[in-house]
Amino acid sequence: MAATSDLNELRVAVTGGTSGLGLALVQQLAARGARVAFVARTARGVERIAAETSACGIVGDVGRKEDIYPLALQITGNLGGLDVLINNASSLGPTPLAPLADTECEELEQALAVNLLGPFRLTKALLGALAASARQGSGAAVINISSDAAITPYSGWGAYGASKAALRHLTAIWAEETSLDGIAFRSIDPGDMDTPLHAVAVPDADPTTLKQPAASAAEIIEMMLAALPRGAASPITRHP
Amino acid sequence: MIAAERAQRRSGRLVTVDAGGGLRHLARAQLGSLLRAGDLVVANDAATLPASLHGAHCTSRQPIEVRLAAWVSLQDPTRFAAIAFGAGDHRTRTEDRMLPPPMVSGDRLALGPLVAVVERLLDHPRLFRLRFLENRATVLAGLARHGRPIQYAHVPEPLALWDVWTRIAADPIALEPPSAGFALDWRTLATWRRRGIGLATLTHAAGISSTGDPTLDLRLPFDEPYRIPERTAAALKLVKSIGGRVVAIGTTVVRALESAGNADGSVRAGDGVARGRLGGETGLHVVDAILTGVHEPGDSHFEMLRAFADDATLNKLSAALVAHGYRGHEFGDSMLIEHQPRSWSGPSRLAALSLAEGPYSSGASTIGS
């Protein structure tokens, strides 16, 4: 048991938790003893993953402003606070991928709503809970899932790449502004993974050349632990 | 409201009352520069539940509004003391709202996606205890989707959750916002940190602040559970030892700290329940100053101020608030009131003695000096 419960009730929220990388994160975090709340848009998917993982499933769309505070309320209300927020939910923008000249304004807006404004709003709504955790010595962290498209200008990835680039910069500025409050901010590029999102973006990719989301999830969990104070997830310092 | 009120929050005004009873009129933005190195600010980091639920009384099929008014147990978000109103909404003054349809124990209420059962009637036609039939996660989801923050007749536009969460809002256990905390923003907190002023938090489940019914309002505030972290208790011990002042952000913080306080000014960490009212007859053992909204004589918030200052000072303050047009209510202006030692006029010799023996009895300090 000790080997599988090393996260000892660390309170973690994951957006986009019913498929791809988000699902792998929910599965691994829950299996390692974290208390997990995850968010996804469809009730059926949320119920299924909640039943499979014993994590707390919450229905909502981070791209909708009206959903943000109800999500924050359910995350902190169910977990009794929050130590780590993982902003993972992502929108690809126009599908199939389109050059910017063929991208509708509304498609760019939608990518920004999910990939940039959603994480900003949810982080803002949960910052009080994260700061409270940090004040009690448990540390706190926000992990924003980025992409190499945030750095490299790939043709056809305009909406996605621009929104992820903005998220990456937003993360860096959050980090500057909140370090004294004890809240760590990190961007991570999980790599090209064999996920539903990637399959939509690059339908003819050979899955065997792609990374498994479980491998990326494990790396992200390591980064998360490195961002927290030593022992933040240990039984001694948690839940005094 | 929203944009305009938000701008007002930034541009709000602040009246300070020092321990000698002197008044100063400032901009709230100057809050960051008040206080001294070594002072400790204690704020309530409770987030606010959308505690107003519209629906129907199943037996009579009459419309009903239920306002969650107090927790039965903080561990259980399915049971509450509640206040019921009949047809209508917040645009009618609470005082003028219709009574709810007659209810008996066991009646069901359909409140959007949630179903609640009337567990028992309490001793007033609006007051009862309810239990939601769903589990914790479903109740939270139902409140999040269907509930609305308790609204105020003086705020014409409906309030959304983002209007009633303070910047530091964490655990959603308040039923109305701990509104003094609206004066805090991250810039102010950073300024305090830079200047060596501490910040600690507790979580106090602020309950309903007004029912509109005079007999019920006399019983407010209801019992309110709170949590004081170990680190907050330790910070309070430290600040007392170095001679700094404890500045409570709001009446809920005063209630929690004085409820958990010992005669020597230390505070017990952990869970507790604040009961009863603080006022002129109660001493203060922990708190040295309060930042609060602008209240009127007679309401329970104002009556608490009698624990901080004598009647002459409060009368002078009330007159100044009117003369200078300070804005009351949850989203209005702010007051910072330093505890006035009572050695010359205290209600009891015992209170005066205990103050005189404490480390904060000098009374010479002036906020903002």
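Scroll up a little and you will see the structure.
Residues numbered from 1 in each chain as written. Chains lettered and ligands numbered in written order. Predicted model: local features only at pLDDT ≥ 70, side-chain atom pairs only at ≥ 80, totals over all residues. Heavy atoms only, no water.

Help me out: how do you make sense of a negative patch on the surface in this one?
All names here are of chain A. Negative charge collects at one region of the surface, where Asp-102, Glu-104, Glu-106 and Glu-109 lie side by side. Within the fold, Glu-106 resides in helix 4 (residues 105-135). On the basis of relative accessible area, Glu-106 is assigned to the exposed category, the value being 53%. (Patch = residues over 30% accessible without salt bridge, like charges linked within 9 Å, V, L, I, M, F, W, Y side chains within 5 Å. Areas by Shrake-Rupley, 256 points an atom, 1.4 Å probe, with all protein chains shown as cover. Salt bridge = Lys/Arg side-chain N within 4 Å of Asp/Glu carboxyl O. Lys, Arg positive; Asp, Glu negative; His and termini not counted. Charge placed at Lys NZ, Arg CZ, Asp CG, Glu CD. Helix = DSSP H or I, 4+ residues; strand = E, 2+ residues; numbered from the N terminus. Buried < 20%, exposed > 50% of the residue type's maximum accessible area, 1.4 Å probe, protein only.)

Is there a simple way to think about the environment of Ser-19 of chain A in this case?
All names here are of chain A. Examined against the element boundaries, Ser-19 turns out to sit in the loop between strand 1 (11-15) and helix 1 (20-31). Overall, Ser-19 belongs to the partly exposed group, its relative accessible area being 37%. Separated by 30 residues in the primary sequence, Ser-19 and Ile-49 place their C-alpha atoms 9.2 Å from one another.

Help me out: how do you make sense of the nonpolar core in this one?
Generally speaking, soluble globular proteins have nonpolar side chains that are buried together. Within the largest apolar cluster, 83 residues are counted, with the highest numbers of intra-cluster contacts made by Ile-75 and Leu-82 of chain A together with Val-66, Leu-68, Phe-128, Phe-132 and Trp-165 of chain B. Broken down by element, this core gets its largest block of residues, 10 residues, from helix 4 of chain A. Setting aside its immediate chain neighbours within four residues, Val-66 of chain B contacts Ala-51, Ser-52, Leu-53, Ala-82, Ile-83, Leu-109, Leu-111, Phe-128 and Leu-130 of chain B. Of all hydrophobic cores here, the second largest spans 37 residues; its members include Val-42, Val-239, Ile-290 and Leu-314 of chain B. (Core = buried A, V, L, I, M, F, W, Y, C linked by side-chain atoms within 4.5 Å. Contact = heavy atoms within 4.5 Å.)

Would you mind showing me how to read the sheet that holds strand 5 (residues 52-57) of chain B here?
Note: strands within a sheet are paired through backbone hydrogen bonds, in either parallel or antiparallel orientation. The 6 strands lie next to each other as 5-6-7-10-9-8 (chain B), forming a closed barrel whose pairing is antiparallel. Ignoring strand direction, the axes of neighbouring strands in this sheet form an average angle of 45 degrees. (Pairing = 2+ DSSP bridges. Axes fitted to C-alpha atoms, helices over the stretch in contact; angles between N-to-C directions.)

Mind showing me how you'd approach the interface of chain B and chain A here?
It is common to report an interface's size as the accessible area lost on association of the parts. Contact residues are listed per partner, giving 23 residues for chain B and 24 residues for chain A. Around 2,200 Å² of area is buried between chain B and chain A when both sides are counted, 61% of it from carbon and sulfur atoms. Here chain B and chain A share 2 salt bridges between them. Of the charged contacts in the structure, one is a salt bridge between Asp-181 of chain A and Arg-193 of chain B, with a shortest N-O distance of 2.4 Å. Counting across the chain B and chain A interface gives 5 residue pairs in polar contact (both at pLDDT 80 or more). Put simply, the parts of the chain that give the side of chain B that touches chain A at least two residues each are helix 2 (136-146), helix 3 (161-164), helix 4 (186-194) and strand 12 (198-204) of chain B. No other element matches helix 2 of chain B, which puts 5 residues into the side of chain B that touches chain A. Considering only residue class, the side of chain B that touches chain A consists of 16 nonpolar, 1 polar and 6 charged. (Buried area = accessible area lost by both parts, 1.4 Å probe. Polar contact = N/O pair within 3.5 Å; in protein donor to acceptor, adjacent residues only side chain to side chain. Nonpolar A, V, L, I, M, F, W, Y, C, P; charged D, E, K, R; others polar.)

That's the geometry; what it means functionally is another story.
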